[in-house]
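Results of the structural survey
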Amino acid sequence: MESCAFSEADVTIACAREGLQGVSDDTRKSLIKFCNSCGAAVTRRIPEGDTLERAVCDACGTIHYQNPKIVVGCLPVHGERILICKRAIEPRYGLWTLPAGFMENNETAAEGAAREALEEANARVAIEDLYTVYSIPHISQVYMMFRAKLLDTDFSPGIESLEVKLVTADEIPWDQLAFAMVKRTLEAYLEDRKRGVFVPRFGDIRPPQR
Ligand SMILES: [Zn+2]
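For the structure given in this document, a descriptive report is provided here. (Residues numbered from 1 in each chain as written. Predicted model: local features only at pLDDT ≥ 70, side-chain atom pairs only at ≥ 80, totals over all residues. Heavy atoms only, no water.)

Observations concerning the packing of aromatic side chains
Applying the stated criterion to the full structure yields 3 aromatic pairs. With a centroid separation of 6.5 Å and an interplanar angle of 85 degrees, the aromatic rings of Tyr131 and Tyr189 are classed as edge-to-face. Residue Tyr131 is located in strand S8 (residues 125–136), and its partner Tyr189 is located in helix H3 (residues 180–195); the two are separated by 58 residues in the primary sequence. Of the two residues, Tyr131 and Tyr189, neither departs from the other in class, the shared state being buried. Residues Tyr189 and Phe198 carry aromatic rings whose centres are separated by 5.2 Å and whose planes lie at 20 degrees to one another, so their mutual orientation is stacked. (Phe/Tyr/Trp six-rings, centres within 6.5 Å; stacked < 30°, edge-to-face > 60°. Helix = DSSP H or I, 4+ residues; strand = E, 2+ residues; numbered from the N terminus. Buried < 20%, exposed > 50% of the residue type's maximum accessible area, 1.4 Å probe, protein only.)

In structure tokens form, the structure reads like this:
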């Protein structure tokens, strides 16, 4: 379903930025050294009946599965303008993003997206539809971005933001966006808004070379 609105070059540039996130292929190797159940050192092997190598505790039998993390966020809109945040944290300090962050336990994806808008921009939003989903396999993350309505303009930078502002399509700082998923979500939104139909889409973001 991913739209082909982006040229190959765009995607490569965006992916090159994404590759700067500072996580290498080594993320596929386990960082777990000790069992979190009994404290013994773990070994890496393929458990019986499994197909992938895991961190296994031979002392108590616990298998430490590591799976992708979900990042939830939203594209808050107020009239013609979109709320964006300038990052006050690494990675990508000083670059612009949409409010997004790791989903917490015991919350829904939509709740997490609204919470991130509140934390990063002190912004109250009504989450509308799921809009873009991006897999980023080299860092084992999945982004789920929702369209959202900004409920009022009483927003301000949260602790993770240097600045928060509403921008028109012409004011989007395309060369200062923090992540490929932000660029692709904004491009999709502007394209869909022009047509008057919002089409959910998914895609993959990969490093420029492996
Ligand atoms: Zn153990």
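A closer look at the pattern of salt bridges
Applying the stated rule across the entire model yields 13 salt bridges. One salt bridge in this structure joins Glu119 and Arg115, with 3.2 Å as the shortest N-O distance. Here Arg115 and Glu119 lie together in helix H2 (residues 109–121), a separation of 4 residues that amounts to about one turn. Here Glu119 falls in the partly exposed class, since its relative accessible area comes to 41%. Here Arg115 falls in the buried class, since its relative accessible area comes to 18%. A salt bridge links Lys183 to Glu187, with the shortest nitrogen-to-oxygen separation between them at 3.1 Å. Of the two residues, Lys183 and Glu187 are both situated in helix H3; the distance of 4 residues between them amounts to about one turn of the helix. (Salt bridge = Lys/Arg side-chain N within 4 Å of Asp/Glu carboxyl O.)

A look at the environment of Glu53
Along the chain, Glu53 falls in the loop between strand S1 (43–45) and strand S2 (54–56). The class of Glu53 is partly exposed, set by a relative accessible area of 45%. Aside from chain neighbours lying at most four places away, what touches Glu53 is Arg44, Arg45 and Ile46. At 3.0 Å, the side chain of Glu53 and the side chain of Arg44 are in polar contact. (Contact = heavy atoms within 4.5 Å. Polar contact = N/O pair within 3.5 Å; in protein donor to acceptor, adjacent residues only side chain to side chain.)

What about the sheet that holds S1?
The strand order S1-S2-S3 describes an open sheet built from 3 strands, whose pairing is antiparallel. The sheet is open, and its two borders are formed by S1 and strand S3 (63–64), each paired with just one other strand. With 2 bridges joining them, S2 and S3 adopt antiparallel strand pairing. Bridge pairing links Val56 to Ile63 in S3. (Pairing = 2+ DSSP bridges.)

A look at the coordination of the zinc ion
Ideal donor angles around a metal are set by the shape: a four-donor tetrahedron calls for 109.5 degrees, a six-donor octahedron for 90 or 180 degrees. Only Cys35 (SG), Cys38 (SG), Cys57 (SG) and Cys60 (SG) from the protein reach the zinc ion as donors, at distances of 2.3 to 2.4 Å. Viewed at the metal, the 4 donor atoms of the zinc ion are separated by angles of 101 to 118 degrees, and the geometry they form is tetrahedral. In the primary sequence, the donor residues of the zinc ion line up as C-x2-C-x18-C-x2-C. One end of the pair, Cys35, is in the loop between helix H1 (8–19) and S1; the other, Cys60, is in the loop between S2 and S3, and 25 residues separate them in sequence. Classification of Cys35 by relative accessible area gives buried; the value is 5%. (Donors = N, O, S within 2.8 Å, 3.2 Å for Na, K, Ca; no water. Tetrahedral: all angles 85-135°; square planar, octahedral: opposite > 155°, others 65-115°.)

With respect to the side chain of Ser161
Assignment of secondary structure puts Ser161 in strand S10 (residues 161–167). Among the polar contacts listed, one links the side chain of Ser161 to the backbone oxygen of Glu120, at a separation of 2.6 Å. The contact partners of Ser161, leaving out residues within four places of it in the chain, are Cys85, Lys86, Ala88 and Glu120.

Some words on the pairing of strand S4 (residues 69–78)
Burial analysis of S4 places 7 of its 10 residues in the buried class, which makes it a mostly covered element. Bridge count for S4 against strand S9 (residues 141–150) is 9 bridges, and the pairing is parallel. Within S9, the residue paired with Ile70 across the bridge is Val142. As judged from the 3 bridges shared by S4 and strand S7 (residues 100–102), these two strands associate in the antiparallel manner. Counterpart to Val72 in the pairing with S7 is Gly101. Inspection of the sheet shows S4 paired to strand S5 (residues 81–87) by 2 bridges, in the antiparallel sense. Of the residues in S5, the one forming a bridge with Val77 is Ile82. The turn linking S4 back onto S5 is made up of 2 residues, and Gly79 within it adopts a positive phi angle of 60 degrees.

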